[in-house]
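For reference, the chains in residue letters:
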Number of protein chains: 2
Amino acid sequence: MATQYSVSFDIAAEPVEVPGGTLLTDAAQKAGIEINQPCGGQGRCGLCAVQVTSGEVRRRSTMRLSAEDVEQGYALACQTIVEGDLSVIVPPQDKIQQHLTTGQSAADVSVPPGYDPFRDQTIQRISLELKPPSMEDQTSDLARLKKALRGKADLGLISVSLPVLQKLPIVLREDNWKVTVIIYRDVETGAVEVIDLLPGLTSEGDPLWGTAIDIGTTTVKVMLVDLISGEEKGQASEYNGQIARGEDVISRIIYAGKESGDQVLRELVLDSTNQLIKRACKRGKTKPDRIYKTILAGNSTMMHLLLKIPPASIRLAPYITVANHLPVLTAEEVGLNTYSQGKVICLPGVASYVGADISAGVLSSGMADTEKITLFLDVGTNGEMVLGSQEWLVTCACSAGPAFEGAGVMHGMRATTGAIDEVWINEDNLEISWRVIGNEKPKGLCGSALISLLAEMLMTGVINKSGRFDFSLDTPRIRKGSHGGEYVVSWADETEIGEDIIITEVDIDNLMRAKAAIFAGFTVLGDSVGVPLESVEQVLIGGGFGQFINVEKAIQIGLLPDMPWDRFQFLGNTSLKGAYLALLDHHDKDRVAEIASRMTYIELSADNRFFDAFTSAMFLPHTDKSLFPTVNPGGKS
Amino acid sequence: MATQYSVSFDIAAEPVEVPGGTLLTDAAQKAGIEINQPCGGQGRCGLCAVQVTSGEVRRRSTMRLSAEDVEQGYALACQTIVEGDLSVIVPPQDKIQQHLTTGQSAADVSVPPGYDPFRDQTIQRISLELKPPSMEDQTSDLARLKKALRGKADLGLISVSLPVLQKLPIVLREDNWKVTVIIYRDVETGAVEVIDLLPGLTSEGDPLWGTAIDIGTTTVKVMLVDLISGEEKGQASEYNGQIARGEDVISRIIYAGKESGDQVLRELVLDSTNQLIKRACKRGKTKPDRIYKTILAGNSTMMHLLLKIPPASIRLAPYITVANHLPVLTAEEVGLNTYSQGKVICLPGVASYVGADISAGVLSSGMADTEKITLFLDVGTNGEMVLGSQEWLVTCACSAGPAFEGAGVMHGMRATTGAIDEVWINEDNLEISWRVIGNEKPKGLCGSALISLLAEMLMTGVINKSGRFDFSLDTPRIRKGSHGGEYVVSWADETEIGEDIIITEVDIDNLMRAKAAIFAGFTVLGDSVGVPLESVEQVLIGGGFGQFINVEKAIQIGLLPDMPWDRFQFLGNTSLKGAYLALLDHHDKDRVAEIASRMTYIELSADNRFFDAFTSAMFLPHTDKSLFPTVNPGGKS
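Since the structure is predicted, the reported quantities are computational estimates derived from the model, not experimental observations.

Q: Which residues make up the interface of chain B and chain A, and what values go with them?
A: Between chain B and chain A, the residue contacts involve 42 residues of the former and 42 residues of the latter. Of the roughly 3,100 Å² buried between chain B and chain A on both sides combined, carbon and sulfur atoms contribute 70%. On the chain B side of the interface with chain A, the three residues burying the most area are M135(B), Q138(B) and L162(B), jointly 19% of the side's total. For the pair chain B and chain A, the number of links is zero salt bridges. Summed over the shared surface of chain B and chain A, the number is 12 residue pairs in polar contact (both at pLDDT 80 or more). Every element with two or more residues in the side of chain B that touches chain A is listed here: α5 (141–152) and α6 (162–174) of chain B. Sort the elements by how many residues they give to the side of chain B that touches chain A and α6(B) lands first, with seven residues. Looking at the side of chain B that touches chain A residue by residue, the class counts come to 24 nonpolar, 11 polar and seven charged.

Now the structure itself:
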């Protein structure tokens with residue numbers, strides 16, 4: 001057995017004992033401390049650095065640390081092994097903002113016209129008054145129940161799970177053979193399953209609960225729905241607890257491959273989701289264990305991680321999922337805190353990087369029902385897009401990276417309180433003004449501000465088409481920094497963080513790569529079906545991020561194609577809306593599957609056209625000026 | 001909170017702390033001591049008596065204790081409450097014999113002629129070589145597997161459970177896309193479920209494992225079967241661990257109604273069963289987790305207790321089960337130690353007291369396929385019987401009680417080593433000779449010896465038709481005891497137990513009630529369909545007990561109807577044999593269900609004819625001498 005060592009973290013209540021060879025991140029976890037690992041514990045991001053003030057450690061990697069840092073005891077917690085009794089200082093972690101503004105995240109849904117819970121819903125509630133048994137009628141409880149059910153409705157094969165059988169005799173006798181039966185209909189086979197029994201009869205209008213859930217890489221959103229009226233009765237959203245173990249899907253897949261990493265990630269997302277279910281239930285004045293059906297949408301990696309299906313093949317060529325179409329599960333199997341025998345239906349995805357969130361998004365966007373050639377775009381941590389109409393659908397995903405979510409940008413941050421979300425640069429004096437979420441002192445720049453800033457800098461000549469600064473301009477805001485050129489958005493004394501908020505050439509490069517990847521995606525999609533971008537009749541933008549994009553500025557930097565603004569429409573969280581529709585109406589659920597199987601997936605990583613298009617788009621707005629006739633960059637360049 | 005008291009048991013390693021108000025049986029359990037409760041903790045049998053040598057207790061009941069016993073501190077552990085610190089002496093418990101003789105219990109089965117595992121078996125093994133994925137073929141693992149499966153066999157809807165999905169990507173890549181798939185076919189719907197995946201290909205002849213299990217009130221029997229060859233590969237049997245909490249089904253139902261009694265009973269029978277599965281696997285040179293299918297037979301109470309379905313309604317008028325037809329379950333749901341996703345199929349029963357053991361017995365007896373009017377009889381802890389042929393079937397159960405298993409008889413015992421199993425009384429001197437199982441000194445009398453003894457005493461005039469002793473006879477073996485008349489079978493110095501082995505008038509009365517109940521059952525069955533007993537063309541006797549009955553003597557006491565011996569046939573464990581057949585061939589499984597639904601159940605407790613017939617049968621052999629023309633009781637009476 002390995003020797004045990006004592007590790008004291010400055011911010012922990014007590015030291016912990018761990019065997020020699022333990023990773024510092026694991027020791028910290030044992031001490032109840034969460035050290036963020038945005039890169040998934042690969043030693044790439046350097047953000048898990050801690051200071052070892054005494055004791056022996058072995059550093060596997062010091063990639064992001066200077067010799068001086070190491071001299072002072074700094075070590076990457078995810079790459080450092082305990083080899084003696086230690087004292088460790090944990091620097092303040094980049095705190096994950098605890099709550100999203102509800103206003104920002106709430107999806108706006110309305111009950112589909114003509115929704116009929118008795119026709120469209122797979123969960124049904126049936127009240128029965130049974131004839132009590134007697135010596136003349138010794139039918140078993142189960143046969144009695146089934147007979148009465150058949151008398152009420154035209155049902156197929158009826159099955160009952162063991163947990164329901166275990167409570168059957170008690171519930172039947174609790175209110176003198178009056179009982180409410182909750183059934184789930186399998187529309188495909190016609191089979192019916194009794195999933196719950198409640199003593200007594202129920203009024204027809206009483207609510208019957210379901211949830212639509214969207215599990216995003218960054219955010220989890222839960223919507224509580226009354227399946228009888230079809231109305232939304234409460235929403236809640238929150239960062240996905242997995243963020244601490246990797247900001248993007250790739251980092252998480254790597255983390256999942258570590259010992260019990262898959263279990264940790266599963267528990268983190270379940271914990272986030274179950275908290276949200278509780279919160280939504282509080283708003284809807286009900287309880288999680290009264291929820292009988294859940295529809296889950298999310299990208300393929302999130303689905304795999306939630307269900308603890310090994311996601312490794314998503315990351316490695318030829319980039320395949322274990323499954324796009326998942327079986328109907330119970331809440332117990334998934335680990336949700338809703339009614340244990342309640343149904344959990346995972347909507348189907350198309351491929352590794354075009355998941356159920358996109359199938360659901362296409363459904364709720366309506367693009368699969370229109371004659372108009374439509375471009376559907378979901379820019380989140382990845383950039384997924386679908387081109388098509390009711391006739392055909394092609395889709396692809398570009399690893400745009402999370403730059404537009406603020407990652408990989410020095411002062412980038414998520415769109416929470418303190419984030420600058422819009423900027424304007426004065427053409428004459430190159431001074432800048434900005435707007436901050438929550439009207440506080442700024443802490444950083446969120447995605448919409450980054451687009452805006454890039455556009456403003458381009459249009460005022462602060463940067464040229466290649467994203468390089470014009471040092472000849474007469475402004476103290478343009479200067480040389482340690483990472484090359486930089487522009488000061490906000491002086492230290494104006495900020496919350498006490499340092500200048502800047503954007504560097506490295507940041508600009510990252511943003512240009514992201515926008516180039518997305519635009520190259522459009523190009524390849526159009527190319528693959530012979531539809532030039534200018535024939536696109538509407539552009540539908542989904543995803544939380546989409547809501548806050550300034551179209552004019554997004555066109556100026558070449559992120560969106562140059563077309564009249566009235567062709568653009570922002571749809572909000574199309575994935576959650578799709579899940580909501582599928583929750584209510586099984587026809588819609590089946591349509592998601594049909595849409596998923598109709599979409600032709602184009603793998604960009606294997607497509608030379610993509611690399612060509614990407615290279616051409618690595619300018620602002622583009623090397624081919626004719627694609628952006630309305631954009632006229634300013635300045636002297 | 002209740003005060004905590006310390007309870008010291010003389011045979012426990014350490015005292016235990018329990019709150020005031022705890023039952024002594026529960027305190028004993030906490031101390032790791034099992035106190036037998038043959039009556040299920042009702043305070044009826046008196047066998048859980050312990051001696052409290054110091055401290056305060058409250059006795060709810062002292063039914064079986066004399067004033068003197070109570071004076072000496074004796075208390076019924078199941079009825080006595082801790083009210084202070086205690087010292088308790090636990091008398092030696094009537095030890096349950098640990099192992100049945102294998103020779104006695106092994107069921108003799110042979111592979112049904114023409115058994116074809118590919119046609120008849122619901123579990124199939126398919127070896128597949130998949131085309132590996134590539135950038136040109138990004139099909140998901142699951143879709144790839146399903147496609148290859150469809151290429152090999154004509155399959156319906158294919159489903160895969162979550163645990164299988166969780167290992168799918170690992171297993172597919174473990175042996176380079178060669179994989180063996182285990183599927184379960186739902187014959188009714190045509191649906192197919194992938195229940196397991198193994199890396200690599202498998203030879204066609206390799207065994208594929210299943211088990212047939214019979215859960216009896218007294219004994220659990222497990223048979224390991226190779227589903228490919230159909231051959232039995234190992235058997236094991238053992239007392240049902242629930243015996244310690246009640247000898248008969250009624251006592252167990254009462255015990256199940258106590259706090260967590262249902263959980264205790266479930267764990268006891270699971271423990272017995274899982275031990276037996278291990279033992280059978282050892283004999284068959286395999287492991288429990290390689291068993292993919294289990295067929296369970298057993299009486300209705302055993303099925304309810306195993307699955308923790310509340311059995312209370314079985315015991316109370318109108319005596320109904322919660323369910324006779326149970327859903328297909330997984331080993332995980334049931335709690336068996338076989339492969340977690342393996343299928344467990346509970347055969348269907350008919351009613352509270354005619355369970356799956358009888359449906360299975362009727363199948364394996366062949367009575368449902370013959371033109372001959374057949375009486376099928378299973379005498380175990382209860383007496384169940386079926387009359388009929390391929391045209392019709394009627395059934396009933398009589399609460400014969402466990403007298404023929406040795407319970408309720410002073411020196412009765414089960415058929416294990418040391419039990420007298422056959423006796424002969426000399427007509428001239430009324431001396432007796434006997435045979436003992438295992439050739440040891442006798443400890444008591446098992447069921448077959450009790451039948452034999454009753455018959456011999458009747459035929460030699462030791463007792464008369466009413467079961468009363470003839471004290472006028474010149475033999476020291478007939479004497480008056482504390483329970484009325486008695487006959488000494490074995491003098492103290494000849495026995496293992498150091499006291500006379502006797503049979504009393506109370507014992508005889510209990511045995512007569514049991515045989516009268518069974519004979520009354522025959523009478524009512526025949527009566528209900530207008531078939532007199534003499535038209536019965538064959539009598540098939542199942543159940544472990546049946547094997548050892550001496551037909552001549554059983555007729556002499558009026559337990560079996562008086563007909564030529566060649567009409568009787570002993571079939572051994574018909575329930576286990578039926579489970580074996582259903583394990584191999586799904587047609588046989590369906591036939592059990594069909595038989596169960598064809599059987600007309602006659603409830604004797606509501607039938608006045610039964611009471612009349614019972615009263616008439618409370619003589620040896622019967623009040624109606626014409627029913628037993630060959631029986632001529634001897635002696636002077």
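Q: Give a description of the sheet that holds strand β9 (residues 158–160) of chain B that names residues and reports values.
A: Residue and element names in this part refer to chain B. Sheet architecture is open: four strands sit in the order β8-β10-β11-β9, paired in mixed fashion. Edge strands, defined here as strands with exactly one partner in the open sheet, are β8 (123–129) and β9. The sheet shows a mean angle of 35° between the axes of neighbouring strands, direction not considered. For β8 and strand β10 (residues 178–185), the ladder comprises seven bridges, and the chain directions are antiparallel. Of the residues in β10, the one forming a bridge with I126 is V181. Helix-sheet contacts for α6 involve β9, β10 and β11 (192–199), and the interaxial angle to β11 is about 40°.

Q: Explain helix α14 (residues 505–529) of chain A residue by residue, including any values.
A: Counted at 1.5 Å a residue, the expected span for α14(A) with its 25 residues is 36 Å, and the 36 Å between its end C-alpha atoms agrees. Trailing α14(A) by a residue or two, G530(A) shows a phi angle of about 70°, which is positive.

Q: I'd like a rundown of the packing of aromatic side chains, residues and numbers included.
A: Evaluation of the coordinates by the stated rule reveals 12 aromatic pairs over all chains. Ring geometry for F610(A) against F611(A): centres 5.8 Å apart, planes inclined by 70°, an arrangement best described as edge-to-face. For F610(A), a relative accessible area of 10% corresponds to the buried category. Of the residues examined, F611(A) reaches a relative accessible area of 41% and is grouped as partly exposed. Aromatic pair F469(B) and F471(B): ring centres 6.4 Å apart, planes at 50°, arrangement tilted. Exposure remark for F469(B): the relative accessible area of 7% places this residue in the buried category.

Q: Describe the sheet that holds strand β23 (residues 444–445) of chain A, and please don't skip the residues or the numbers.
A: Residues and elements named next belong to chain A. What the three strands build is an open sheet, ordered β22-β21-β23; its pairing is mixed. Across the chains shown, the open sheet's two edge strands, defined by having one partner strand only, are β22 (432–436) and β23. Where strand β21 (residues 419–425) and β22 come together, five bridges link them in antiparallel fashion. Counted as the bridge partner of I420 is V436 from β22. Across the face of the sheet, helix α13 (residues 447–459) comes into contact with β21, β22 and β23 while running at roughly 15° to β21.

Q: Explain the nonpolar core to me, and be specific about the residues and the numbers.
A: It is characteristic of soluble globular proteins that their nonpolar side chains tend to be buried jointly. The biggest cluster of nonpolar side chains holds 215 residues, and the ones touching the most others in it are V362(A) and V362(B). Broken down by element, the residue count for this core peaks at nine residues, all from helix α8 (residues 261–284) of chain A. Apart from residues lying up to four places away in sequence, V362(A) is in contact with M367(A), A368(A), F376(A), V386(A), L393(A), I595(A) and M599(A).

Q: So what about the confidence of the model for chain A? Which residues, and what values?
A: Residues and elements named next belong to chain A. Taken as a whole, chain A shows an average pLDDT of 91; of its residues, 96% reach a score of 70 or greater. Low confidence marks residues 95–104, where pLDDT is under 50. Its contacts with residues over four positions away, or in another chain, come to 21 contacts. In the predicted assembly, ipTM is 0.86 and pTM is 0.85.

Q: Requested: an account of the packing of helix α7 (residues 249–256) of chain B against helix α8 (residues 261–284) of chain B, with residues and values cited.
A: Residues and elements named next belong to chain B. Viewed as axis vectors pointing N to C, α7 and α8 meet at an angle of 125°, and their least axial separation amounts to 7 Å. The angle between α7 and α8 places the two elements in the oblique class. Residue-level contacts link R252, Y255 and A256 of α7 to G261, D262, V264 and L265 of α8. Class assignment of the residues belonging to the contact of α7 with α8 gives a composition of four nonpolar, one polar and two charged.

Q: Lay out the pattern of salt bridges with the relevant residues and their values.
A: All names here are of chain A. What the rule picks out here adds up to 48 salt bridges over all chains. The salt bridge involving D137 is made with K131; its shortest N-O contact spans 3.8 Å. Judged by relative accessible area, K131 falls into the exposed class, the value being 58%. We note a salt bridge from E456 to K553, for which the minimum N-O separation is 3.4 Å. Of this pair, E456 sits in helix α13 while K553 sits in helix α16 (residues 551–556), and the two are 97 residues apart along the sequence. K553 gets classed as buried once you look at its relative accessible area, which sits at 5%.

Calculation rules
Residues numbered from 1 in each chain as written. Chains lettered and ligands numbered in written order. Predicted model: local features only at pLDDT ≥ 70, side-chain atom pairs only at ≥ 80, totals over all residues. Heavy atoms only, no water. Contact = heavy atoms within 4.5 Å. Buried area = accessible area lost by both parts, 1.4 Å probe. Salt bridge = Lys/Arg side-chain N within 4 Å of Asp/Glu carboxyl O. Polar contact = N/O pair within 3.5 Å; in protein donor to acceptor, adjacent residues only side chain to side chain. Helix = DSSP H or I, 4+ residues; strand = E, 2+ residues; numbered from the N terminus. Nonpolar A, V, L, I, M, F, W, Y, C, P; charged D, E, K, R; others polar. Pairing = 2+ DSSP bridges. Axes fitted to C-alpha atoms, helices over the stretch in contact; angles between N-to-C directions. Expected span 1.5 Å × (residues − 1). Phe/Tyr/Trp six-rings, centres within 6.5 Å; stacked < 30°, edge-to-face > 60°. Buried < 20%, exposed > 50% of the residue type's maximum accessible area, 1.4 Å probe, protein only. Core = buried A, V, L, I, M, F, W, Y, C linked by side-chain atoms within 4.5 Å. pLDDT = per-residue confidence, 0-100. Parallel < 35°, antiparallel > 145°, perpendicular 65-115°, else oblique.

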